[in-house]
Structures are given as structure tokens and as C-alpha cells.
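Descriptive analysis of the structure
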Protein chains: 2
Amino acid sequence: MMETATRCQAYNVFSQACPTRMVLDRLADKWSLLIMDRLRDEPVRFNQLRRDVEGISQKVLSQTLKKLERDGLVTRQVFATVPVTVEYALTALGHTLSNTIESLAHWAEHNIDSVLAAQREYDAVNA
Amino acid sequence: MMETATRCQAYNVFSQACPTRMVLDRLADKWSLLIMDRLRDEPVRFNQLRRDVEGISQKVLSQTLKKLERDGLVTRQVFATVPVTVEYALTALGHTLSNTIESLAHWAEHNIDSVLAAQREYDAVNA
DNA sequence: CGGGATCCGTTCCGATACTG
DNA sequence: CAGTATCGGAACGGATCCCG
């Protein structure tokens, strides 16, 4: 388990060279987790994804999907219809991650009120 | 549970107005999760945090801590020593989130090899 | 020690236009 | 339908200087 030279020790998770941090850095953007969450239950086509993940531009969607595909989390399948159809889906690896994403979403759902309350209080004090 | 007007339904997690997305947007930056992970076990002072979370600048650390404090995830305690001492720590709310963060870190630790392999393969094909 | 203020390059990102 | 290419503004983020 610890034979990989680049793998960080537990006490060194914060080092820049730590691969865990590399993964975290890659996923900690505005859209990646959201897109993966949308793909959790079914394959989705490009423009459908664009409509469902509200607010994302087509450029950024394209870029993000490419990164997720490169990381082995998402597959891109082209169907030779006219016009062409492209389906994006989670890989097996992607599915293992989506469980964690869901727990993050659940935390947010359950604690949004506390967060909003804290923000209001903070803003009231720091007027 | 669903009485809050701004809370999204399960089928609408991707809407911009969804509070779950607001929380996700806030945490999905380069440093927030990393800082919270460092605070998991003990309160940490500003410059110690700066040293431990490798690569973060003092400006960005300061900004990120302020946001985390505003969200009610982190507390800031000032001690009137000379020179002044400031300790950052997780709130109770912050601790409930840190469990999820840890599972994300564990996923990364366990699957980094698969991700790196996928990247190499992708780069080889798209030369 | 724990920041704030400023400057400045880079990256991000949205809008628009175009293509197979 | 599923993208790519280009442009320009906005936001991010690092380096430096300064202060209580």
C-alpha cells in the first residue's frame, strides 16, 4: 500500500507532492462534483447535461468533462446517428467516488440552515 | 424538513437557487477542505496553518479562514499575548463535515493509482 | 505574530461565432 | 447535436511592503 514513492504519509497530507492533494485539487472546482452527481443514475447526453447543470457554459462543460474523462471517472461514447449523439456516463471508478459525493450533498442538505444562520450572524456583527 | 422555501427538491439539486449547491460552491475551492482537514484534531495558529498547508499564501489563507468562519465552520480565538496569538478551530458544525472530508481524502488515497494510470493512458492516446 | 493593502500576472469564464 | 476557436472582462492568486 505504501510502496509508491509519491504517496504521502498520513502526517503529510498537506504537502504539495501528496497525490491525495492532487486528486483533491482536481475535484475541488465549481462543476466536477455536480456533473458527476448528475451522472450518478444514468448516462446523459451533452446538451441535456448542459441544461440540467444550471449555469454552466458549454465551454466549461466541455472542458470539465474532458478532465473527468482523463481522470478515468467518466466515459464518453459516441453514437453514429445523424446528428451525432454523445453519451457521458460514470466509470466503475467514478461510481465509487459518487458515494462520497452524495454524502457531501447530504451534509449540505441537512446543514444549509445552520450555515445560512451563521452567515447572517457574521454579517450582522461585521456590519 | 422541506418547509424552507429556498430548499431544492431532490430532482433539482442542480438548480442555481438550490442551497445545497450554494454550500457546495463555497467548499469547492482549492483550500477550504484542506484547511478543515488540518483543523480536524486540534486548534492551530495562523502561521502554523500557513506552514502546514503547503503552498498557500498568507493572503489566501486569511481570506479562506474568514469565509469558513462566516459559514460557521471555524472559530477564531484571539489571545492577548505579546505578540498576539490567534487560534483557529473547527466548530461543532465543522466537525460534522470533517467526517465527509475524511472519506473524500480516503477515496483519493485509495484510488490515486487508478487516476494516475487513467491519465497516462488518456495522454498516450491523445498524443 | 497575525494579519491588511497594494500591485500585478495568470487563469477562469461567459458571450459570440463557427463547424462537422 | 456536440462541440471548437477566439476575445475580453472578472476573479484568483502570488509577491511584496507595511502595521499593531
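Below is a short write-up of the structure. Keep in mind that what you see is a predicted model, and the values were worked out from it rather than measured.

Let us look at helix 5 (residues 92-125) of chain A. All names here are of chain A. Spanning 34 residues, helix 5 covers 48 Å between terminal C-alpha atoms, matching the ideal 50 Å at 1.5 Å per step. A bend of about 60° at N111 is the largest found in helix 5. Of the residues that open helix 5, the one with a side-chain oxygen 3.3 Å from the backbone nitrogen of L93 is T91.

Hydrogen bonds between backbone atoms are what pair the strands of a sheet, whose relative direction is either parallel or antiparallel. Residues and elements named next belong to chain A. As summarised here, the arrangement of the three strands in space is 1-3-2, forming an open sheet in which the pairing is antiparallel. At either margin of the open sheet sits one strand with a lone partner, and together these are strand 1 (44-45) and strand 2 (74-79). For strand 2 and strand 3 (residues 85-90), the ladder comprises six bridges, and the chain directions are antiparallel. If you follow V78 over to strand 3, its bridge partner there is V86.

The environment of DNA strand C is made up of 17 residues, and the closest members are K59(A), Q58(B), S62(B), R76(B) and Y88(B). The sugar-phosphate share of atoms of DNA strand C within 4 Å of the protein amounts to 52%. Between N47(B) and DNA strand C, the recorded distance is 3.0 Å, taken from a backbone N or O atom to a phosphate oxygen. At 2.5 Å from a phosphate oxygen of DNA strand C is found a side-chain nitrogen or oxygen belonging to R76(B). At the level of secondary structure, the elements contributing two or more residues to the surface near DNA strand C comprise helix 4 (58-70) of chain A together with helix 3 (46-52), helix 4 (58-70) and strand 3 (85-90) of chain B. Among the elements that make up the surface near DNA strand C, the one with the highest residue count is helix 4 of chain B (four residues). Residue classes in the surface near DNA strand C are distributed as six nonpolar, six polar and five charged.

A full pass over the atoms with the stated rule returns four cavities of 30 Å³ or more. What the largest cavity holds in volume is close to 80 Å³. As for the largest cavity, its lining consists of L24(A), L27(A), A28(A), L33(A), L104(A), L24(B), L27(B), A28(B), L33(B) and L104(B). For the lining of the largest cavity, the secondary structure elements donating two or more residues are helix 1 (19-27) of chain A together with helix 1 (19-27) of chain B.

All names here are of chain B. Strand order in the open sheet formed by three strands is 1-3-2, and the pairing between neighbours is antiparallel. Two strands lie at the open edges of the sheet, namely strand 1 (44-45) and strand 2 (74-79), each paired on one side alone. In the sheet, strand 1 pairs with strand 3 via two bridges, with the strands oriented antiparallel. Its bridge partner lying in strand 3, R45 is registered against E87.

On to the protein's contact with DNA strand D, then. Looking at DNA strand D, there are 19 residues lining it, with Q58(A), S62(A), R76(A), Y88(A) and K59(B) nearest. Atoms of DNA strand D within 4 Å of the protein belong to the sugar or the phosphate in 54% of instances, the rest to bases. Measuring from a phosphate oxygen of DNA strand D, one finds a backbone N or O atom of V86(A) at 3.3 Å. Note that a phosphate oxygen of DNA strand D is positioned 3.4 Å from one of the side-chain N or O atoms of S57(B). For the surface near DNA strand D, the secondary structure elements donating two or more residues are helix 3 (46-52), helix 4 and strand 3 of chain A together with helix 4 of chain B. Among the elements that line the surface near DNA strand D, the one with the most residues is helix 4 of chain A, at four residues. A per-class count over the surface near DNA strand D returns six nonpolar, seven polar and six charged.

Calculation notes
- Residues numbered from 1 in each chain as written.
- Chains lettered and ligands numbered in written order.
- Predicted model: local features only at pLDDT ≥ 70, side-chain atom pairs only at ≥ 80, totals over all residues.
- Heavy atoms only, no water.
- Helix = DSSP H or I, 4+ residues; strand = E, 2+ residues; numbered from the N terminus.
- Expected span 1.5 Å × (residues − 1).
- Bend = angle between axes of the 7 residues up to and from the residue.
- Polar contact = N/O pair within 3.5 Å; in protein donor to acceptor, adjacent residues only side chain to side chain.
- Pairing = 2+ DSSP bridges.
- Near = heavy atom within 4 Å.
- Nonpolar A, V, L, I, M, F, W, Y, C, P; charged D, E, K, R; others polar.
- 1 Å grid on protein atoms, 1.4 Å probe; cavity = no way out; pocket = protein on both sides within 12 Å on 5 of 7 lines; lining within 4 Å.
- Points joined across faces, edges and corners; volume = space filled by probe spheres on them.

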